[in-house]
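The primary structure of each chain is shown beneath.
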Amino acid sequence: MFSRAILTLTATATLAAAGPCDIYSSGGTPCVAAHSTTRALYDGYSGSLYQVLRGSDNATADIKPLSAGGVANAATQDNFCSGSTCLISIIYDQSGRGNHLTQAPPGGAASGPNSNGYDYLAGALGAPVNLNGQKAYGVFISPYTGYRNDNPSGTATGDAPEGMYAVFDGTHYNTGCCFDYGNAETSATDTGNGHMEAIYFGTGDGSGRGTGSGSGPWIMADLENGLFSGVDPINNAADSSITSRFVTAIVKGEPNQWAIRGGNAASGSLSTYYNGVRPSNGYNPMSKEGAILLGIGGDNSNKAQGTFYEGVMTSGYPTDATENAVQANIVAAKYATASLMSGPALTVGSRISFRVTTPGYTDRYIAHTGATVNTQLVSSSSESALRQQTSWTVRTGLGNSACLSFESVDSPGSFIRHSSYELMVDANDNSKLFGEDATFCPQAGINGQGNSFRSWSYPARYFRHYDALLYIAGNSGPHDFDNPAVFNDDVSFVVTSSFA
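None of these values were measured; they are calculated from a predicted model.

Below, the discussion takes up the overall build of the protein chain. For the protein chain, the helix and strand inventory stands at seven helices and 33 strands. Judged by the C-alpha coordinates and their principal axes, the protein chain covers about 85 × 45 × 40 Å. Every one of the 500 residues in the protein chain was classed for burial, and the buried ones make up 56%. Taking as baseline every contact in the protein chain between residues at least 6 positions apart, the subset at least 24 positions apart corresponds to 67%. About 17,700 Å² of surface is accessible on the protein chain, with carbon and sulfur atoms providing 50% of the total.

With that settled, the discussion passes to the state of the cysteines. Applying the stated criterion across every chain, the model contains four disulfides. The disulfide that involves cysteine 81 links it to cysteine 86, with 2.1 Å between the sulfurs. Residues cysteine 81 and cysteine 86 share a disulfide whose torsion about the S-S bond is about -105 degrees; that sign makes it left-handed. Both residues of the pair, cysteine 81 and cysteine 86, belong to the buried class. Two residues share a disulfide in this structure: cysteine 403 and cysteine 441, whose sulfurs sit 2.0 Å from each other. Across the S-S bond linking cysteine 403 and cysteine 441, the dihedral sits near 90 degrees, which makes this disulfide right-handed. Of this pair, cysteine 403 sits in the loop between β25 (392-396) and β26 (404-408) while cysteine 441 sits in strand β29 (residues 440-444), placing them 38 residues apart in sequence. Each bonded cysteine in the protein chain gets a number by its place in the sequence, and the pairs come out as 1-2, 3-4, 5-6, 7-8.

Time to look at helix α4 (residues 320-332). Counted at 1.5 Å a residue, the expected span for α4 with its 13 residues is 18 Å, and the 18 Å between its end C-alpha atoms agrees. Looking at α4, one finds that the buried residues are Thr322, Glu323, Val326, Gln327, Asn329 and Ile330. All buried residues of α4 lie within an arc of 160 degrees about the axis, which places them on one face of the element. Close packing links the buried residues of α4 with α2 (20-26), β11 (162-169), β16 (246-254), β17 (257-264), β20 (306-315) and β21 (335-337). Of the residues one or two after α4, lysine 334 is the one with positive phi, at around 55 degrees.

The next point concerns the side chain of arginine 461. Following the sequence through the fold, arginine 461 ends up in the loop between β30 (451-455) and β31 (462-466). By relative accessible area, which is 4% here, arginine 461 ends up buried. A distance of 2.9 Å separates a polar atom in the side chain of arginine 461 from a polar atom in the side chain of aspartate 482. Sequence-distant contacts of arginine 461, defined by excluding residues within four places in its chain, comprise Tyr120, Tyr421, Phe453, Arg454, Ser455, Ile472, Ala473, Gly474, Pro478, His479, Phe481 and Asp482.

Now for the pairing of strand β14 (residues 218-222). With five of five residues buried, β14 is to be regarded as a mostly interior element. Residues Trp218, Met220 and Asp222 line one face of β14 and the alternating positions Ile219 and Ala221 line the opposite face, and both faces are buried. Pairing of β14 with strand β15 (residues 227-228), which is carried by two bridges, proceeds in the antiparallel orientation. For aspartate 222, the partnering residue across the bridge sits in β15 and is leucine 227. Between β14 and the antiparallel strand that follows it, β15, lie four residues; glutamate 224 among them carries a positive phi value of about 75 degrees.

For strand β12 (residues 180-184), a buried count of five out of five residues is recorded, marking the element as mostly surrounded by other parts of the structure. In terms of strand pairing, β12 meets strand β19 (residues 291-294) through four bridges, oriented antiparallel. By the bridge assignment, glycine 182 is partnered in β19 with leucine 293.

The next thing to look at is the nonpolar core. In terms of nonpolar packing, the biggest core is built from 75 residues, with Tyr147 and Phe168 touching the most fellow members. Sequence-distant contacts of phenylalanine 168, defined by excluding residues within four places in its chain, comprise Phe179, Tyr181, Ile199, Phe201, Arg245, Phe246, Val247, Ala249, Thr307, Phe308 and Tyr309. Grouped together as the second largest cluster of nonpolar side chains are 29 residues, Phe440, Phe463, Leu470 and Phe493 included.

With that out of the way, let us pick up the environment of glycine 230. Residue position: glycine 230 is located in the loop between β15 and β16. A residue is classified by how much of its surface remains accessible, and glycine 230, at 1% relative accessible area, is buried. In this structure, the C-alpha to C-alpha distance between glycine 230 and glycine 210, residues 20 residues apart in sequence, is 8.3 Å. The contacts of glycine 230, once residues within four sequence positions are left out, are Asn236, Trp258, Ile260, Tyr274 and Pro279.

All told, the structure shown has 18 salt bridges when counted by the stated rule. Glutamate 162 is paired through a salt bridge with lysine 288; the nearest N and O atoms lie 3.8 Å apart. Highlighted residues: glutamate 162 in strand β11 and lysine 288 in the loop between β18 (271-276) and β19, separated in sequence by 126 residues. Its salt-bridge partner being aspartate 320, residue arginine 261 comes within 3.7 Å of it at the nearest N-O pair. Of this pair, arginine 261 sits in strand β17 while aspartate 320 sits in helix α4, and the two are 59 residues apart along the sequence. Residue arginine 261 is classed as buried on the basis of its relative accessible area, which comes to 5%. On the accessibility criterion, aspartate 320 (34% relative accessible area) is partly exposed. Connected via shared salt-bridge partners are Glu162, Glu197, Arg278 and Lys288.

Attention now moves to the sheet that holds strand β8 (residues 134-137). Read across the sheet, three strands follow the order β8-β7-β21 without closing on themselves; strand pairing throughout is antiparallel. Strands with a single pairing partner mark the edges of an open sheet, and in this sheet they are β8 and β21. With direction set aside, neighbouring strand axes in the sheet form an average angle of 40 degrees. Note: strand β7 (residues 128-131) against β8, four bridges, orientation antiparallel. Residue pairing across strands places leucine 131 opposite glutamine 134, the latter belonging to β8.

Conventions we followed
Residues numbered from 1 in each chain as written. Predicted model: local features only at pLDDT ≥ 70, side-chain atom pairs only at ≥ 80, totals over all residues. Heavy atoms only, no water. Helix = DSSP H or I, 4+ residues; strand = E, 2+ residues; numbered from the N terminus. Buried < 20%, exposed > 50% of the residue type's maximum accessible area, 1.4 Å probe, protein only. Contact = heavy atoms within 4.5 Å. Areas by Shrake-Rupley, 256 points an atom, 1.4 Å probe, with all protein chains shown as cover. Disulfide = S-S within 2.5 Å. Expected span 1.5 Å × (residues − 1). Arc of directions from axis to C-beta. Polar contact = N/O pair within 3.5 Å; in protein donor to acceptor, adjacent residues only side chain to side chain. Pairing = 2+ DSSP bridges. Core = buried A, V, L, I, M, F, W, Y, C linked by side-chain atoms within 4.5 Å. Salt bridge = Lys/Arg side-chain N within 4 Å of Asp/Glu carboxyl O. Axes fitted to C-alpha atoms, helices over the stretch in contact; angles between N-to-C directions.

Interpretation note: all reported values are geometric properties and have no functional meaning in isolation.
Structure (C-alpha cells):
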C-alpha cells in the first residue's frame, strides 16, 4: 500500500510538469498529430509551431515557443508582420510524424475561392489570446477557410481506436458545415458513412440532424453524412449547449464504442455527453481513412466558422483518467481573452469621419450613397447632406463587444456591414449574421498612418477603397479589389472629427 501511494504521487508530480502529449504517452495512447499555434504540446518541444506568410513580399517566418514546452513567441509574428498583413500558412505537427496542416485543396462538396480552388488561409491576427499572461494567436476560421493533410502518418484507419481533443473559442460558431478537427477522407470527397471521425463544434449543418439540449453550440462528432451528438442521428438531450468562452472538446472511438466529452478549458473538469455504441447504418464498423483536417468537412464543405487554439490525435483509445489529466493541463495553461484592437483609440459614442491616406486621394472620405459605401470629395463647406453621409457614430461591436461598429449619422439604425465582400449601409435586423458582418477591429494603420479596420468575421480582410468603392479586401486575394498594388495605403485611414 505504501509503495503504491509513493508511485501514484510520483506519477502525478511527473504529469503536472508534462504537456498534453506527454500525458497521453504516459497513458499508453501517444499523440500521432499535435497542432497548436499557442503553445508547445510536449514539455520538451522547442520546434516550430506554425508559419506565417507576409502579404507585402510573400516571405515566411516560423513561430516557435518562447522556451521548450512554452507559449508561442507572439513577438516574432508581430515584428515580422508589422507594416504588412500575414496569413497562417502552415500549422506544424509537433509529434515528429510530419502531419503538418496546410491550405486545403478543392473537394467533392466545394472548391475554395483561391487559385486552383484552394480554400482561404486564416488571417494571423484574428484570434489573439493570453496563456499565463503571455500573448499568443489562435487560428480564426472564417467561411471558405480550411487546412488539411491527405498524406498522414500513423493516424487511425478502418475501425482502429483513436482519441482527439481540441480547444476552441466557445463563442465563435455558426450553423454551417463543418467546423471540424480530426480524421477524414484522404480524397477530399464523401466516400461514405463512417469514413470520418472528427470533432465538430457549432449549431449543426441546418438539416436538424445532430443536435443536443438547448440552442447550442454543441460538441458533436462528424462521422460523415451525419453530425452525431450520440447514437441517435437527430438528438441527444444529454449533449449540453456550450456556454464557456474557451471549450475543451473531445471525441474518441474504438470498435462499436465511442464518446463525446467536454468542458470549460479555463476551469473545472470534463463532462461526458455520450458514451456508448456506434450508430447504425454504416458506422459499425468504422471505415476511417486517416486524413487530418481543420475548419472544413471531409469533402471540403467550407461554410463553417470557428476558432482553434490547440488539438491532438492519438493512437489508441484514451482512458477518461488520461483525458482528465489533459484537461487539468489545459486549465493550468490559463487561457484568457486578449485585446482585439490596437492603434489610435476610438471612443464609443463619438462621431467620426474616415479620411483616405492613399497619395493623390487624401481629400476623399468614406461616405455612402444610399446603401453603397464609397469615397467622396468633402470639406467643411460641402452641402449638409454630403457632410452627414460622411459621418459615422462609433458603437460597441454588434457581433463582438471587443471591437466596433459604425452607425450612419444620416440613417440612424443602419450600419456599415459587408455583404459578398462589398461594404454597404444596411438597417440592423438584429441577426447574428448582421452583427458579425457589421463588426470591425481597428489596428494601427498598416502604412503607418491612422488606423486600418479589420473585419471581425474575416480577419484577413480590411476596409479598402478601390475604384472609389469600399470592400473588405485581402492582400493578393482572388478578387480585383485584392490587388496588392498600394494595398497598405488603400487600407489605412485617418480618423477625424465628423463633418456632421
